[in-house]
Amino acid sequence: MAVEAMSPDWEFDRFDDGSQKIHTEVQLKNYGKFLEEYTSQLKGIEEALDDTIGDVWDFTLDPIALQLVPHEQSSLLELIKTDNKVLNKVITVYAALCSEVKKLKYEAENKFYNGLLYYGEGASDNSVLEGESQIQMGRFISFLQELSCFVSRCFEVVVNMVHQLAALYNSSKGATKIIESVGVHFQTVYEHLGELLVVLITLDEIMENHTTLKDHWKMYKRLLKSVHHNPLKFAISEDKLKPFEKLLLKLEGQLLDGMIFQACVDQRFDDPGEGVSVSKNTPFAEEFSHNIRTIFANVESKLGEPSEIDQRDKYAGVSGLFVLHFHIFRTVDKKLYRSLLDVCKKVPAVTLTANIIWFPDAFLVNKVPPAAKLMDKKSLQSIRSHREAYLQQKAQTLTKDVQSYYVFVASWMMKMEAILSKEQRSEKLAEDLSSRCNVFVQGILYAYSLSTIIKTTMNLHMSMQKPMTKASVKALCRLMELLKAVEHTFYRRSMVVADSVSHITQQLQSQALTAIATAKKRVISDKKYSEQRLDVLSALVLAENTLNGPSTKERRLVVSLALSVGTQMRTFRDEELMPLQLVLKKLDLISELKERVKVQCDCSFLYWHRAVFPIYLDDVYDNAVDAARIHYMFSALRDSVPTMMHAKHMDSCDQLLESYDAEIMEVFKEHLLDKLCKEIEKDLRLSVHTHLKLDDRNPFKVGLKDLAHFFTLKPIRFFNRFIDIKAYVTHYLDKTFYNLTTVALHDWATYSEMRNLATQRYGLTMTEAHLPSQTLEQGLDVLEIMRNIHVFVSRYNYNLNNQIFIEKTSNNKHLNTINIRHIANSIRTHGTGIMNTTVNFTYQFLRKKFYIFSQFMYDEHIKSRLIKDIRFFRETKDESDQKYPFDRAEKFNRGIRKLGITPDGQSYLDQFRQLISQIGNAMGYVRMIRSGGLHCCSSAIRFVPDLEDIVNFEELVKEVGLSEETQKAASLLDSVLGDLTSNSAEGTEYFKMLVGVFSPEFRSVKNMHLRNFYMIVPPLTVNFVEHSIGCKEKLNKKNKGGASFTDDGFAMGVAYILKLLDQYQEFDSLHWFQAVRDKYVKEINAVVKEQNVQTTSQDEKLMQTMNLTQKRLDIYLQEFELLYFSLSSARIFFRADKTAAEETQEKKDREEVSKGGAASSAEGTSESSTK
């Protein structure tokens, strides 16, 4: 192209070389590829959004809002253009005034009403502090100043409207005629004037009912007085105070005395400067009166009807106009006055805004005293009693209303869904649109009736201070839900509604245009031209031109004003005019559909009646089946938030919002969430513990509440967060179960059962506690024993063969036992790390015990006796066949008793024996810990198929090329398996460690006194056997205190200490157990011999004695044998076959071999080991 641009005379030859086609194909391919990628992206997004995508909008999420209201780009001057300049001016003036009224009304409704209503709200408890109320009022003064300017502006607009209307209907001789005004009724202007008067009435009512505001105002004035007396203290100059006080006086007079409306109607409307006569203007008075009557007739016919929309507000406007008419012209239309009062029987009260209710009868009586005098008191009284009767009747009919509206709204919602989900057919488009239009309008009508019932009933109860029954509250809440359901339906279908609205407005505009065109033809065809006819024609042209465009507020206003002029001189037939008015009414509703729905379904008044919320929640909880309706209630509560933004008495409106949020959440938690949590927990507990035969849970007797409905609810949106009931309850249960499991670990099974049940019954996804679980046969926990090892070894007896500890005595009927399984369970609970800690604790314990042991051995009495015995044995061993004499040991045992005994009859030797038993118990415990650890490891590794051949997972994962995280996990798995296999194969040699740590000290020169230990063992065994037999005999007695059948701790302790002192050979040299056996066998043989001799003498008593003696000797021999076996078993643990020197030599040899020494050195080792 560039080349062509430079040299247009030069061109390619026109033959096709195919290059262009190739280019095209490449581009198409790229485009196709892009489309495919884009489609897959969209699909991904759609899948991610899951079922949230579609043409249905979720009210709670609100991602995008559609604004349907068309915005007018042209100014009024541009819109109102006809060749008739005078008419243009008239219409422009009225349109501008009506627009001004709309703006003022909007400002009042949003800014001023809310600012005043919320004054004093949301103050925390510290607001009782002195000065807080004055500070609030101080912040509020600027707002009141703004309100004062606003009210002044309203006054000006009212005066201007009256003047503009009076100027049009001026029949005085000097006045110029603007347009022919006979038959022209600018009803719209009067309606707007009424709306402005209602704004002033509302402000009065708010002030009247606002006690907080008045109280704070008084306090503020009092504060100013004190500032006046001492201005320096407050750092304010006196010359500023005076004007400020004047301003306050002005604000009070203008706003706070409830005289805003009165001041407006009392204004001087006759202004000679303006040249407009008002009060003496008879045609204007008649026109004014005519319009009031017309508007009232329209309003009265619709009040209380199903098709009522905004007639109540217009009724308030008519009342305001009536009072204004009276104050300007000082005449009263008694018939109209009566009619106005009669309406009070139909409409007991009108809600002006939020919780502000207005009684028309009181207003009319106060503001029009001459007419009120003519009314008899009875009729006025009957209106009041009628109001009370209305309330009582409403309380009875509310439940019926709920039922009927449920049906109406549900069927309307079905219609909406049906109509909007239907595809539009082009041949029946008009029909479809008009049916859609009717359904939309019907929705607004239902919303209006519901809203009226709720507001009137609630506000009447509040203002008349009559309490509501619970049934009424529930019914009103149901109606509120229906109201929100209407709004949600419109909202859910925003897309389709938005689409339909533009079509419907076009259809309605075309219908209106057709009707106007017919009238216009009629006017043109009449050849008699007069000014009035020209006005009518110009007005119709103006209406036509304005209708040709978007249906904005301004255009619709201009159309209604133009038709006020255009409908005179019977340009429309009656059968044409009614449909046209209906079409324009529909056009008004449909064009402002979204705004109308929002206003009618607005539940911000609920803020003032939030006391009903707890009752509502109790109702929802009791009837859990339709729990989903709670979304509507929260939506209603949320409506107050935008209005709170206008609160001006706090530093920021966030404080008010936070206090509201906190209040609602507190109630919600107390009346629903916490109750639900408790109930679910109770249900799970009772279900899991059915075997305990608790209270009757038969659903046919006690009823059954299905709370699972609450968990199918979508999260509820409130403020800027979501309340997920399911998550809340799950968290509560998780927390409770976790905390209670930590308190009693052995309950873990019960709680996991409850967790599973919660998942099955309620669909709750519970979190695993991941707490170390205990079994029901946990026994004493390793941790407990470790902490109290000194208590444990003294209270429990050890059994060597069964590896079991048995409690010595207990207050219960049973004794606790501890075996390897218990220890293994404990180790599984706490982890294998606890084993080393336990051994460490045992070491600390043994240190203390060995200190006492050393002291005992050092004692002079003991030491001297032992040395004497050792010397005696050395001297006599050849005579006694190398055996230590039994008598000697027995003598030692008895001799110790002479040194003294404890209060409970124990000698020093008894205590020494107990000390050794405790040392032995500690060693037994260490042995059990090792066995428990091996047991735990083997049960953990039992799922590994072959311990000899374990695959390396990390390598396998790397081969497959999985992610880095997986590789990390695989290497962790490898290390865990490695640890388990090594632990399960070997286990740690704890005995070796405990021998190694103490033996150097025991064998050192400074502890020579311990070397005598082997000589005290014989008397100790004698003492032990006596004690053991005593304990076993107690087993058969009634009082089993001190009874026991095993105490291998002693044998274990002796074996351990002998090993520490390396005295196995010395002890064996005593041949003690051989000596014992010889002694008892000898005695038994002597008894048997004696028995054989005595059998001839037939002395029974002697025989019995002999038998008992033999039995006793057998028992003693058996007990010594048992001790011998236990001691031999215990010695195996400490490798009794080797002396310390041999062990040292073996260790050296092993080191040499490991260093790669020669084979001969290995042989040397084997030789040394055979020795």
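Calculation rules
- Residues numbered from 1 in each chain as written.
- Predicted model: local features only at pLDDT ≥ 70, side-chain atom pairs only at ≥ 80, totals over all residues.
- Heavy atoms only, no water.
- Helix = DSSP H or I, 4+ residues; strand = E, 2+ residues; numbered from the N terminus.
- Rg over C-alpha atoms; globule rule 2.2 N^0.38 Å.
- Buried < 20%, exposed > 50% of the residue type's maximum accessible area, 1.4 Å probe, protein only.
- Contact = heavy atoms within 4.5 Å.
- Areas by Shrake-Rupley, 256 points an atom, 1.4 Å probe, with all protein chains shown as cover.
- Lys, Arg positive; Asp, Glu negative; His and termini not counted.
- Charge placed at Lys NZ, Arg CZ, Asp CG, Glu CD.
- Expected span 1.5 Å × (residues − 1).
- Patch = residues over 30% accessible without salt bridge, like charges linked within 9 Å, V, L, I, M, F, W, Y side chains within 5 Å.
- Salt bridge = Lys/Arg side-chain N within 4 Å of Asp/Glu carboxyl O.
- Pairing = 2+ DSSP bridges.
- Phe/Tyr/Trp six-rings, centres within 6.5 Å; stacked < 30°, edge-to-face > 60°.
- Lys NZ or Arg CZ within 6 Å of the ring centre and 35° of its normal.
- Axes fitted to C-alpha atoms, helices over the stretch in contact; angles between N-to-C directions.
- Parallel < 35°, antiparallel > 145°, perpendicular 65-115°, else oblique.
- Left-handed = near helix turned anticlockwise from the far one by under 90°.
- Core = buried A, V, L, I, M, F, W, Y, C linked by side-chain atoms within 4.5 Å.
- Bend = angle between axes of the 7 residues up to and from the residue.
- Nonpolar A, V, L, I, M, F, W, Y, C, P; charged D, E, K, R; others polar.
- Polar contact = N/O pair within 3.5 Å; in protein donor to acceptor, adjacent residues only side chain to side chain.

The name an unreviewed UniProt entry gives the protein is WASH complex subunit 4, with Coilia grayii as the organism.

**Considering the overall build of the protein**
Looking only at helices and strands, one finds 46 helices and 7 strands in the protein. At 53 Å, the protein has a C-alpha radius of gyration far larger than the 32 Å of a compact globule built from 1171 residues. Dimensions of the protein, computed from C-alpha atoms along their principal axes, come out at roughly 170 × 105 × 75 Å. A total of 1171 residues make up the protein; the buried ones form 46% of that total. A fraction of 79% describes how many contacts in the protein between residues 6 or more apart in sequence connect residues 24 or more apart. Looking at the protein as shown, the accessible area adds up to about 61900 Å², and 54% of this sits on carbon and sulfur atoms. Taking the 147 positively charged and 153 negatively charged side chains of the protein as two groups, their mean positions are separated by 6 Å.

**Some details on helix 10 (residues 282–302)**
With 21 residues, helix 10 extends 31 Å from end C-alpha to end C-alpha; this agrees with the ideal 30 Å at 1.5 Å per step. Of all the residues in helix 10, the buried ones are Phe284, Ala285, Glu287, Phe288, Ser289, Asn291, Ile292, Ile295, Phe296 and Val299. Contacts made by the buried residues of helix 10 are with helix 5 (132–168), helix 6 (187–209), helix 11 (311–329) and helix 12 (334–346). Backbone geometry just after helix 10 places glycine 304 at a positive phi near 80°.

**Points about a positive patch on the surface**
Side chains of Lys868, Arg871, Lys891 and Lys898 sit close together on the surface and give a patch of like positive charge. Elements with a minimum of two residues in the positive patch: helix 34 (860–876) and helix 35 (886–898). Its location among the elements puts lysine 891 in helix 35. The class of lysine 891 is exposed, set by a relative accessible area of 53%.

**Quick notes on the pairing of strand 1 (residues 350–353)**
Bridge count between strand 1 and strand 2 (residues 356–358): 3 bridges; the pairing is antiparallel. In the strand pairing of strand 2, threonine 351 is matched with isoleucine 357. Counting the residues between successive antiparallel strands, the hairpin from strand 1 to strand 2 contains 2 residues, one of them, alanine 354, with a positive phi of roughly 45°.

**With respect to the packing of aromatic side chains**
Under the criterion given, the structure shown has 62 aromatic pairs. With 5.8 Å between their ring centres and 5° between their planes, phenylalanine 408 and tyrosine 446 make a pair best called stacked. Placement of the pair is phenylalanine 408 in helix 15 (residues 377–421) and tyrosine 446 in helix 16 (residues 429–463), with a sequence separation of 38 residues. Overall, tyrosine 446 belongs to the buried group, its relative accessible area being 16%. Judged by centre distance (6.5 Å) and plane angle (70°), the rings of phenylalanine 805 and tyrosine 925 are edge-to-face. Taken together, the positions of phenylalanine 805 in strand 6 (residues 804–807) and tyrosine 925 in helix 36 (residues 908–940) put the pair 120 residues apart, joining distant regions of the chain. As far as burial versus exposure is concerned, phenylalanine 805 and tyrosine 925 are alike and both buried. The ring of phenylalanine 326 has arginine 330 lying over it, and the distance from NZ or CZ to the ring centre is 5.1 Å.

**Some remarks on the packing of helix 4 (residues 85–117) against helix 20 (residues 553–566)**
Two numbers describe how helix 4 lies on helix 20: the axes approach to 10 Å, and their chain directions differ by 135°. Viewed along their axes, helix 4 and helix 20 adopt a mutual orientation that is oblique. Helix-helix and strand crossings are classified by hand; for helix 4 and helix 20 the assignment is right-handed. On helix 20, the residues that touch Leu87, Ile91, Tyr94, Ala95, Cys98 and Ser99 of helix 4 are Leu557, Val558, Leu561, Ala562 and Val565.

**Some words on a nonpolar patch on the surface**
A cluster of nonpolar residues, Tyr31, Phe34, Leu35, Tyr38, Leu42 and Ile45, forms a patch on the protein surface that exposes about 600 Å² of accessible area. When you line up the elements, phenylalanine 34 lands in helix 2 (residues 19–49). Residue phenylalanine 34 is classed as partly exposed on the basis of its relative accessible area of 45%.

**Considering the sheet that holds strand 6**
One open sheet accounts for 3 strands, arranged 5-6-7; its pairing is antiparallel. Each edge of the open sheet carries a strand with a single partner, namely strand 5 (796–799) and strand 7 (817–819). Across the sheet, the axes of successive neighbouring strands diverge by a mean angle of 20°, strand direction being ignored. When strand 6 meets strand 7, the two strands line up antiparallel, connected through 3 bridges. If you follow isoleucine 806 over to strand 7, its bridge partner there is threonine 817. On the sheet, helix 36 packs against strand 5, strand 6 and strand 7 and is oriented at approximately 130° with respect to strand 6.

**Comments concerning the nonpolar core**
Residues Phe186, Phe668, Phe710 and Ile725 are the most contacted members of the largest nonpolar core, which totals 232 residues. Among all residues touching isoleucine 725, those that are not within four sequence positions of it are Phe668, Leu672, Leu673, Leu676, Phe710, Phe711, Leu713 and Ile716. Counting residues in each nonpolar core, the second largest holds 90 residues, with Phe998, Leu1020, Tyr1056 and Val1087 among its members.

**Let's talk about helix 5**
Taking 1.5 Å per residue as the helical rise, helix 5 with its 37 residues ought to reach 54 Å, and the 54 Å between its terminal C-alpha atoms agrees with that figure. Where helix 5 bends most, at phenylalanine 140, the angle is about 35°.

**Some details on the side chain of arginine 436**
Looking at the secondary structure, you find arginine 436 in helix 16. For arginine 436, which is buried and forms no salt bridge, the nearest opposite charge comes from aspartate 499, at a distance of 5.7 Å.

**Points about the pattern of salt bridges**
Taken as a whole and judged by the stated rule, the model has 45 salt bridges. Between arginine 153 and glutamate 100 there is a salt bridge, with the nearest N and O atoms lying 2.7 Å from each other. One end of the pair, arginine 153, is in helix 5; the other, glutamate 100, is in helix 4, with 53 residues separating them in the sequence. With a relative accessible area of 38%, arginine 153 lands in the partly exposed category. Note that aspartate 639 is salt-bridged to lysine 484, the shortest N-O span being 2.5 Å. Of this pair, aspartate 639 sits in the loop between helix 24 (630–638) and helix 25 (640–644) while lysine 484 sits in helix 17 (residues 470–492), and the two are 155 residues apart along the sequence.

**Things to note about the pairing of strand 5**
Neither face of strand 5 is open: one carries Tyr796 and Tyr798, the other Asn797 and Asn799, and all of them are buried. Strand direction decides the pairing type here: strand 5 and strand 6, joined by 4 bridges, are antiparallel. Residue pairing for strand 6: tyrosine 796 is matched across the bridge by glutamate 807. Counted between consecutive antiparallel strands, the loop separating strand 5 from strand 6 contains 4 residues, among which glutamine 803 sits at a positive phi close to 50°.

**Some thoughts on the environment of serine 635**
With respect to the helices, strands and loops of the structure, serine 635 is situated in helix 24. Note: C-alpha distance between serine 635 and histidine 71 (564 residues apart in sequence) is 28 Å.

**Considerations on the packing of helix 15 against helix 17**
Two elements in contact, helix 15 and helix 17, have axes whose closest approach is 9 Å; the angle formed by their N-to-C orientations is 15°. Judged on the interaxial angle alone, helix 17 and helix 15 are roughly parallel. For helix 15 against helix 17, the interelement crossing comes out left-handed. Facing Ala395, Leu398, Thr399, Asp401, Val402, Tyr405, Tyr406, Val409, Trp412, Met413, Met416 and Glu417 of helix 15, the residues of helix 17 in contact are Ser472, Ala475, Leu476, Arg478, Leu479, Glu481, Leu482, Ala485, Val486, Thr489, Phe490 and Arg492. Residue classes in the contact of helix 15 with helix 17 are distributed as 16 nonpolar, 3 polar and 5 charged.

**Describing the environment of aspartate 619**
With respect to the secondary-structure elements, aspartate 619 resides in helix 23 (residues 612–622). Residue aspartate 619 is classed as buried on the basis of its relative accessible area, which comes to 6%. Residues aspartate 619 and histidine 671, spaced 52 residues apart in sequence, show a C-alpha to C-alpha distance of 9.7 Å. With residues near it in sequence (within four places) discarded, aspartate 619 still touches Lys474, Arg478 and Arg629. A distance of 3.1 Å separates polar atoms of two side chains, one belonging to aspartate 619 and the other to arginine 629.

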